[in-house]
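Spelled out from the first residue to the last, the chains are:
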Amino acid sequence: MATSTPWGSRQVVEESAEEWFVLQKKTFTRWCNSYLRERSIEIDDLFTDVSDGTVLLNLLEIIGQETILSVCGRKFYPPQKCKMDIHKLENCNLIFDYLKQNELKIVNIGSSDIKDGSPRLVLGLIWTIILRFAISEDGKEGLLLWCRKNCAGYEGVDVQNFHRSWTDGLAFCALINHFRPDLIDFNECLARRGEPMTNLNLAFDVAKNELDIDRLLDAEDICGSEKPDEKSIIAYLSLFFKKFAALAQKDNLAEAIRKAVDVTQHHEGLVASYDADSESLLSWIRVQADKFGNNGLDISSTEEVKEVIENLHSFKNGEKPAKQQLLASSEALLANLRLSQRNNERPLYAPKIEVEDIETEWAAMEKSEKTLEDGAIELLDAFERTDYALQRFGNKIAKVEEFVAANNPVFTATGYGDSVQTCSELLKKCEVFEMQAPKYSTMLKSCDDFVQMCAPKHSGSAAAKEKYDAVSTSVSELEAAEAAFKANVAAALDEQKRLLALKEKFVAALVNYEFDLFEAQEALLEPISLCNSVAAIEKVIKSTEEVKASLEKSEATLVELEGMSSELAAANYPVEKDASSVRELYNTLQESLSKRFADLGHADASQSSKEAIKKAFAESSAKLMEYCNETSRVVSSLTRRMSVTAEKQAEKLDDIMTTFSAEAPPLMEAVESANESQVAAEIFVNPLTSNTIFSCRLVYGECEKNLKSAVDINTAHIQALNGKSEMSAEQAKEIREAFEAFDKDKSGKLSVKEFQDGLMAMGIVLNDDESEAEFKKRDLDGSGTLSFDEFAEYILEQYQSGSSESDILSAFKGLCDGKATISEAEVKQWFPVQQEYMSTRLGEGGEYEGFVTTMFKV
C-alpha cells in the first residue's frame, strides 16, 4: 500500500508474520555462516542443515571458545556418522547440555524440535545463542548504549532502538565513520538523507568489502519496512561491535607504542642537545684556558698592559656570563633527561662529558684567568712606575748633560790665563766645578737608581740605560779634563794673587742654593695620581714633609745670600744675578708645598674611602657566592641521590626554598649596594676579588632558577610515581553514563551481570570468564558489587596503556595479532607521524622486538 514517509510517498510492503519469519531466517543464516566459515562450513537451508546437530555444535565451539568434549565430557557424531535419528538426537542433546554448562536454560524446545527443523523454535534457539554469546544475555541494552555513544554528535542520527532508528541508513554510516572516517564521508551521506537505499547499500558494501563484516541484511530489509526486525538488526550490529571493539583495542595498543616512540625521540633530542652543548662548552673552556695560560704578557708599553686588563674586564662581563648560563642550562637539561628516563623506566644516560668534568675545567680556566689578571695588574703597576722613573730620569740626565756641555769647553781649552785675575777666575772655575761635580755625580747616581727602577720589559728601559752609560762616560772624561786643566792653572797661580773671594763665594753659594731649590722642586713633581693605595700616599706625604723641613732649614742660607748680594750691590761690584731670583723661587716653593699638602690630604681621604668600598664589595660578593654555590651544591646533591625518596626530597627542597627566600635577597641587596658605591667612586677594577656585579647577579639568578626547577621536577616526579591519572571530563561523562544505565536499582553498585553489560557499552570485549575474573579482582570486600570509582578505575586502566618495555612489547603483539613482525602498511596505518622514524629502525621484515629493546635504552 502507499504510505507517506520522511522520504516521500513510496510503496511499503505489508509485513506479515511469514515475512518476518523469512527475514530472520536469512539474517540468522548469514550470521551463523560468518562464524562457521572458520571451519569451511556453510548453511544453505537453516532448518534442514541444523537437523543433525553438527552445524550448531560446531557453531557453539567457535563462539564459546570451548570444545564439546571439554564442556560435556564426550564428542559429538560427525556428519558422515550421523545418519540415524538416534545419533542426531544425541547430538542435539549435547547442544542443550553445552548451553546448560554455560548457565543458559532453554525451555519449550527439545532435541526432536531441532531434528525436525521446527522453524520458529530453531530461530528462537539461534536468537538465544546470539544473545548469550555475541552480546550477552540482556546485553542488547549495552549494545544499544554502545551504538548511541559512538553515533552521538552526528547530525540527523538519534539511536533510540534497534528498528526505526536505522531505517534511513545514517546511523550505519555514522557508526562506520566514527571508527574509520577514511571509508565514508558522512557529510555526503547527510546530503543524501532522502535516499535511504543509497546510504544503506553504501554502509553495507563498505562493511563487507573494507571491514570484512558479513552482509546479514539487505537494504530493502530495512528500508522497505515500517518497523524493521529488531533481532535481525541486533544480530547484524553484533558483528559491527565485534569488529570495532577489536579495532578500538588495537588503537589503544598502537597509542601505547606511539607514546613510547615519542618518549624515545624526546630523549634522543635531549641527549643530542646536551652532547652538543657540553662539547661546545668544554671546547670553549679549553680554548680560553690555553689563551690565559699561554699569555706570558710579552708586551713593552703601559697602553698594551691596559688593553690586556680591559680585554679581561670585557671577557668577565660579556662572553663569560653567557657561558656560565650555558653551563647551568646544560646541568638542568641533563637532570630533566634523567628524570624523564626514571619516570619512563629507561636507563639513565651516562654522557661522555659529565657536568662535573666541565665544572672542574671551568675552575682551572678561572684560575688561569686570575693568574693572568694578577700578572697584568702587577705589570701595569711596574710600567706606570717605570713611566714615572723615566720622566725623572729625563729631567735629571738633561741637567747633567747641561753641566757637561757647559764645562767641557772650559776644561778642554789650551789657555791657562795670563793674569792673576784670569788665573784666579780659571781656578775658581775649577773650584766651582769641583763643588758642583759631587752634586751632579749624586744626580747622575740618582739617574742610575731611576734606570734600575725601570721594568726590563718596558720599551724605554733599554734607551735609558744606553743614555745613562753615555752620559756617565762624558762625566768621567770631563772630570779627568778638569783635573788636568786645574794642574796647569795651578802652575800659573803664582802670578794670580788676587782673589775675588766675596764674589766667588756668593756665586758658588748661589749656584748651590739654586741646586737645592731645584732638587726640592723636582721632589714635588711626583704625580699624586700614581698613588693607588693609602701606603703610597703616606710615602709621598713623608717625602713632602722632608722637602718642607729642608726648605725651612735653608732659609738661613738664603738670608746669608741676600746679605752677600746686598753687600756686592753696595760696593757696585757687578754680578751676573743677585739673590732676588732664589728668593722668588723660595716663595714659590713655599706656596707649592701648601697646595701639595692640601692635595695629599684629599687624596689620602679619597683612597681610604675607595679601599673601604672595594673591601665591602669583595666581602659581600664572597658571602653571596659562597651561599649560592653551597645552596646549588646541596640541591644538586639531593636531586642526584637515588636513595632519597621523592617525598623526602620534596620536604628538604621546601626547607631549602624557605631558607633561601629569607637569607639570599639580603645578601644580594648588600652586593648591589656595595656595587653602587664602587660606581659612584669610579672604581672599575677591584683587585681584592674576581667577582663582578654581573657574575653575582648571574649566579644568584641561576641558583634561584635551579632551586625552583628542582622543586618543579620533584613535583612532577611525585605525580608520576603516584601512578594515578585523572580522567578527563569527557571520559568521566561516558563512564558515568554507562554506570548509571546498568545500575538498575540505583544502589550505586554494579552486579557481575551489570558490570559485563557496562563493559560492552564502553566497547571493551571480554568473555564471561575474563570479565568475572576482573570483577572479583576488584571486589575486595566480597560484596558481589562494584562502586562507580572501582568501575571507573578499571575502565581507565583499559584506556591507558603502560609505558614499560614489557608493556610496549605486549602492545606490539596485540596490535599484530601475535605475529613477531609488523608490516609497512600497518606502520603507515597506526603510526602516520612516527612512520619515517620507525621504518628506518625496525628489524628485517618488520621485526619489532629488537626495536623495542633498543628504544628502551634511551
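Above this text you will find the structure in question.
All figures in this text were calculated on a predicted structure; none of them were measured in a lab.

Cut-offs applied
Residues numbered from 1 in each chain as written. Predicted model: local features only at pLDDT ≥ 70, side-chain atom pairs only at ≥ 80, totals over all residues. Heavy atoms only, no water. Helix = DSSP H or I, 4+ residues; strand = E, 2+ residues; numbered from the N terminus. Rg over C-alpha atoms; globule rule 2.2 N^0.38 Å. Buried < 20%, exposed > 50% of the residue type's maximum accessible area, 1.4 Å probe, protein only. Contact = heavy atoms within 4.5 Å. Areas by Shrake-Rupley, 256 points an atom, 1.4 Å probe, with all protein chains shown as cover. Phe/Tyr/Trp six-rings, centres within 6.5 Å; stacked < 30°, edge-to-face > 60°. Lys NZ or Arg CZ within 6 Å of the ring centre and 35° of its normal. Axes fitted to C-alpha atoms, helices over the stretch in contact; angles between N-to-C directions. Parallel < 35°, antiparallel > 145°, perpendicular 65-115°, else oblique. Polar contact = N/O pair within 3.5 Å; in protein donor to acceptor, adjacent residues only side chain to side chain. Expected span 1.5 Å × (residues − 1). Patch = residues over 30% accessible without salt bridge, like charges linked within 9 Å, V, L, I, M, F, W, Y side chains within 5 Å. Salt bridge = Lys/Arg side-chain N within 4 Å of Asp/Glu carboxyl O. Lys, Arg positive; Asp, Glu negative; His and termini not counted. Charge placed at Lys NZ, Arg CZ, Asp CG, Glu CD. Arc of directions from axis to C-beta.

Caption draft 1: Geometry of the overall build of the protein. Looking only at helices and strands, the protein features 31 helices and two strands. Whereas a compact globule of 858 residues would reach a radius of gyration of roughly 29 Å, the protein reaches 55 Å, over 25% beyond that. Counting all 858 residues of the protein, 44% fall into the buried class. Within the protein, contacts between residues separated by at least 24 positions form 75% of all contacts whose residues are at least 6 apart in sequence. A total accessible area of about 43,400 Å² is found for the protein, and carbon and sulfur atoms account for 51% of it.

Caption draft 2: Examining unusual backbone geometry more closely. Phi at Asp-212 takes a positive value of approximately 60°, unusual for a residue other than glycine. Structurally, Asp-212 can be placed in the loop between helix H11 (196-209) and helix H12 (219-223). Even without glycine at this site, Asp-817 takes up a positive phi of about 55°. Tracing the backbone through its elements, the reader meets Asp-817 in the loop between helix H28 (805-815) and helix H29 (824-830).

Caption draft 3: The arrangement of the packing of aromatic side chains in detail. Scanning the model with the defined rule gives 29 aromatic pairs in all. Ring centres of Phe-403 and Tyr-440 lie 4.1 Å apart, and the angle between their planes is 10°; on these two criteria the pair is classed as stacked. Residue Phe-403 is found in helix H15 (residues 355-411), and its partner Tyr-440 is found in helix H16 (residues 420-453); the two are separated by 37 residues along the sequence. Judged by its relative accessible area of 6%, Phe-403 is buried. Overall, the relative accessible area of 17% leaves Tyr-440 in the buried class. Site record: aromatic cluster; members linked through ring pairs are Trp-146, Trp-166, Phe-172, Phe-179, Phe-204, Tyr-236, Phe-240, Phe-241 and Phe-244. Positioned above the aromatic ring of Phe-856, the side-chain terminus of Arg-346 is 3.9 Å from the ring centre.

Caption draft 4: Structural detail: the packing of helix H8 (residues 140-151) against helix H9 (residues 170-179). Axis separation between H8 and H9 bottoms out at 9 Å; the angle between their running directions is 70°. Taken together, the axes of H8 and H9 are roughly perpendicular relative to one another. Counting all contacts with H8, which are made through Trp-146, Asn-150 and Cys-151, the residues of H9 involved are Ala-171, Ala-174, Leu-175, His-178 and Phe-179.

Caption draft 5: Representation of the side chain of Asn-344 within the structure. Following the sequence through the fold, Asn-344 ends up in the loop between helix H14 (302-343) and H15. Polar contacts involving the side chain of Asn-344 include one to the main-chain carbonyl oxygen of Ser-340, which spans 2.8 Å.

Caption draft 6: Examining the side chain of Arg-596 more closely. Residue placement: Arg-596 occurs in helix H21 (residues 580-640). One polar contact links Arg-596 to Thr-544, side chain to side chain, over a distance of 3.4 Å. In contact with Arg-596, not counting residues within four places along its chain, are Ala-523, Leu-524, Glu-526, Ile-528, Val-540 and Thr-544.

Caption draft 7: Structural context of the environment of Arg-37. Following the sequence through the fold, Arg-37 ends up in the loop between helix H1 (17-36) and helix H2 (46-49). The class of Arg-37 is partly exposed, set by a relative accessible area of 45%. Sequence spacing of Arg-37 and Leu-59 is 22 residues, and the spatial spacing of their C-alpha atoms is 9.8 Å.

Caption draft 8: Spotlight on helix H18 (residues 501-523). Relative to the 33 Å expected for 23 residues at 1.5 Å per residue, H18 spans 32 Å between its end C-alpha atoms, a close match to the ideal helical length. Listed in full, the buried residues belonging to H18 are Glu-504, Phe-506, Ala-508, Leu-510, Asn-512, Tyr-513, Phe-515, Leu-517, Phe-518, Ala-520 and Glu-522.

Caption draft 9: Summary view of a negative patch on the surface. On the surface, Glu-66, Glu-103, Asp-769, Glu-770 and Glu-772 cluster together into a negatively charged patch. Secondary-structure assignment places Asp-769 in helix H26 (residues 768-778).

Caption draft 10: A look at helix H19 (residues 534-553). Taking 1.5 Å per residue, 20 residues should reach 28 Å; H19 reaches 29 Å between its end C-alpha atoms and fits that length. When H19 is considered as a whole, its buried residues turn out to be Val-534, Ala-536, Ile-537, Val-540, Ile-541, Thr-544, Val-547 and Leu-551. Buried residues in H19, looked at end-on, bunch into an arc of 155°, giving them a common side. The exposed residues of H19 that point more than 90 degrees off its buried face are Ala-535, Lys-539, Lys-542 and Lys-553.

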